[in-house]
Amino acid sequence: MRARQGGAFEDTLMAEHWVENHKRDSWRKQAKASGYRARSAFKLKQIQERFQLVREGDFVLDVGCHPGGWAQVAVELVGAKGRVVGVDLMPCAPVEGAILLTGDITEPITQERILSELDGELLNVIVSDISPDITGKWDMDQSVAMTLVADVFDFALPLLTKGGGFTTKLFQGIGVEELITAVRPHFSSVRRYSPEASRNSSSEVYLVCRHHTPWKAPKASIRERYEAGVNKLVGGDEIADDPEPVASSFRVRRKKSSEDLEEH
Ligand SMILES: C[S@@+](CC[C@H](N)C(=O)[O-])C[C@H]1O[C@@H](n2cnc3c(N)ncnc32)[C@H](O)[C@@H]1O
């Protein structure tokens, strides 16, 4: 018999790791069996089950659509009378019923192509699963991802009809509360939600915004208000002459036991 290494803490970590891997494999198998290109399709399905964001006949913009899992789900939800336009940095294999564009959503050239697809029509729903390339430096990745989300809001909100919905992936950490504060005036309901199918339960969460209230929109952009909030939090962006090294207070927040947290 081998000597047993580690204690109860290690056992718990291993068990949690096993459960996460098992869940991930299970969603991947289900995606394959059901014809979805990515297991992320189940995240949008679960958001839809909980919040009924998309309706038949809707016009949906899918931001960060590669490889096309959310676009497949969106096409099913909007039906034959609806429309789905997707955009991603990476070219996407066609999804029947959707127009999938290749480009950077923050670039004017891509934005113009999206506007030309809209042809003056407003969107009913925006779904965004956008996530930038990961460098492995968590604080930096998380901050870049949150700024990108703010930019997506600033570009897409003027295209969203009154009463429309918006869901976007967020990465837990510094700036989440500030982004939510910046977004809140634009909708009558803003909630955080962790779908069961989310791969990394400790860091991935979706913001589900319903009932767009464009008449309440503040003048400053979401990015400006988000950055002002973060600067206030971290004490401004001035650099001291001879700064003392300080330990980072950044922590990855663990998922709350309740999956669905109302924002007040
Ligand atoms: C998690 S994947 C999306 C998966 C997709 N929802 C699905 O179900 O197939 C995130 C995507 O965001 C895209 N992305 C990141 N930055 C982007 C940008 N600036 N403009 C457009 N797409 C971007 C990435 O290329 C990546 O494909």
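Residues numbered from 1 in each chain as written. Predicted model: local features only at pLDDT ≥ 70, side-chain atom pairs only at ≥ 80, totals over all residues. Heavy atoms only, no water.

### Quick look at the overall build of the protein
Point 1. When helices and strands are tallied, the protein shows 7 helices and 8 strands.
Point 2. The proportion of buried residues among the 264 residues of the protein is 44%.
Point 3. For the protein, the share of sequence-separated contacts (at least 6 apart) that also reach a separation of at least 24 residues comes to 70%.
Point 4. With an accessible surface of roughly 14800 Å², the protein has 53% of that area assigned to carbon and sulfur atoms. (Helix = DSSP H or I, 4+ residues; strand = E, 2+ residues; numbered from the N terminus. Buried < 20%, exposed > 50% of the residue type's maximum accessible area, 1.4 Å probe, protein only. Contact = heavy atoms within 4.5 Å. Areas by Shrake-Rupley, 256 points an atom, 1.4 Å probe, with all protein chains shown as cover.)

### Comments concerning the packing of helix α5 (residues 138-156) against helix α7 (residues 222-234)
Point 1. Relative to each other, α5 and α7 sit at 150°, their axes nearing to 8 Å. Note on element contacts: α7 touches α5 through I222, R223, Y226 and E227, opposite S143, M146, T147, A150, D151, F153 and D154.
Point 2. Its residues assigned to classes, the contact of α5 with α7 comprises 5 nonpolar, 2 polar and 4 charged. (Axes fitted to C-alpha atoms, helices over the stretch in contact; angles between N-to-C directions. Nonpolar A, V, L, I, M, F, W, Y, C, P; charged D, E, K, R; others polar.)

### A few points about helix α2 (residues 41-51)
Point 1. Burial within α2 is extensive, with 8 of its 11 residues counted as buried.
Point 2. Along α2, the positions that sit buried rather than exposed are A41, F42, K43, L44, Q46, I47, Q48 and F51.
Point 3. Two residues or fewer past α2, Q52 is found with a positive phi of approximately 45°.

### Quick notes on the site of the ligand
Point 1. In the neighbourhood of the ligand, 20 residues make up the surrounding shell, with S40, G69, D88, D104 and D129 lying closest.
Point 2. Between an oxygen atom of the ligand and a side-chain N or O atom of S40, the distance comes to 2.6 Å.
Point 3. Here an oxygen atom of the ligand sits 3.5 Å away from a polar atom, N or O, in the main chain of C65.
Point 4. Isolated, the ligand exposes 600 Å² of accessible area, and the fraction of that covered by the protein chains is 88%. (Near = heavy atom within 4 Å. Polar contact = N/O pair within 3.5 Å; in protein donor to acceptor, adjacent residues only side chain to side chain.)

### A few points about the environment of E76
Point 1. Relative to the assigned elements, E76 resides in helix α3 (residues 69-78).
Point 2. Accessibility expressed as a relative area gives 47% for E76, which makes it partly exposed.

### A few points about the pattern of salt bridges
Point 1. Here the structure, examined in full by the defined rule, presents 8 salt bridges.
Point 2. Put simply, E76 and K45 hold a salt bridge, and the shortest N to O gap is 3.8 Å. Note that E76 is positioned in helix α3 and K45 in helix α2, a separation of 31 residues in sequence.
Point 3. Here D129 ties to K169 by a salt bridge, and the two come within 3.2 Å at their closest N and O atoms. Note that D129 is positioned in the loop between β4 (123-128) and α5 and K169 in strand β5 (residues 160-171), a separation of 40 residues in sequence. (Salt bridge = Lys/Arg side-chain N within 4 Å of Asp/Glu carboxyl O.)

### Thoughts on the packing of aromatic side chains
Point 1. Following the criterion strictly, the structure yields 5 aromatic pairs and no others.
Point 2. Ring centres of F51 and Y193 lie 5.2 Å apart, and the angle between their planes is 85°; this geometry places the pair in the edge-to-face category. Placement of F51 in helix α2 and of Y193 in strand β6 (residues 187-193) is noted, with a sequence separation of 142 residues between them.
Point 3. Residue classification places F51 among the buried residues on the basis of a relative accessible area of 3%.
Point 4. For Y193, a relative accessible area of 8% puts it in the buried group.
Point 5. Look at W70 and Y206: their rings are 5.7 Å apart centre to centre, the planes differ by 35°, and that puts the pair in the tilted class. Here the residue W70 occupies a position in helix α3, and Y206 occupies one in strand β7 (residues 204-212), the gap between them amounting to 136 residues. Both residues of the pair, W70 and Y206, count as buried.
Point 6. Aromatic ring contacts, followed pair by pair, group F153, F166 and F187 into a single cluster.
Point 7. Across the ring face of F51, the terminal group of R50 is positioned such that the distance to the ring centre comes to 4.9 Å. (Phe/Tyr/Trp six-rings, centres within 6.5 Å; stacked < 30°, edge-to-face > 60°. Lys NZ or Arg CZ within 6 Å of the ring centre and 35° of its normal.)

### Considering helix α6 (residues 176-183)
Point 1. With respect to burial, α6 is a largely interior element, 6 of its 8 residues being buried.
Point 2. Among the residues of α6, V176, E178, L179, I180, A182 and V183 are the ones counted as buried.
Point 3. On its buried side, α6 packs onto α5, β5, β6, β7 and α7.

### Here we look at the environment of K29
Point 1. Among the secondary structure elements, K29 is positioned in helix α1 (residues 8-34).
Point 2. The exposure class assigned to K29 is exposed, which follows from its relative accessible area of 61%.
Point 3. Along the backbone, K29 and R39 are 10 residues apart, and their C-alpha atoms lie at a distance of 8.1 Å.

Purely spatial values, then, with no claim about function.
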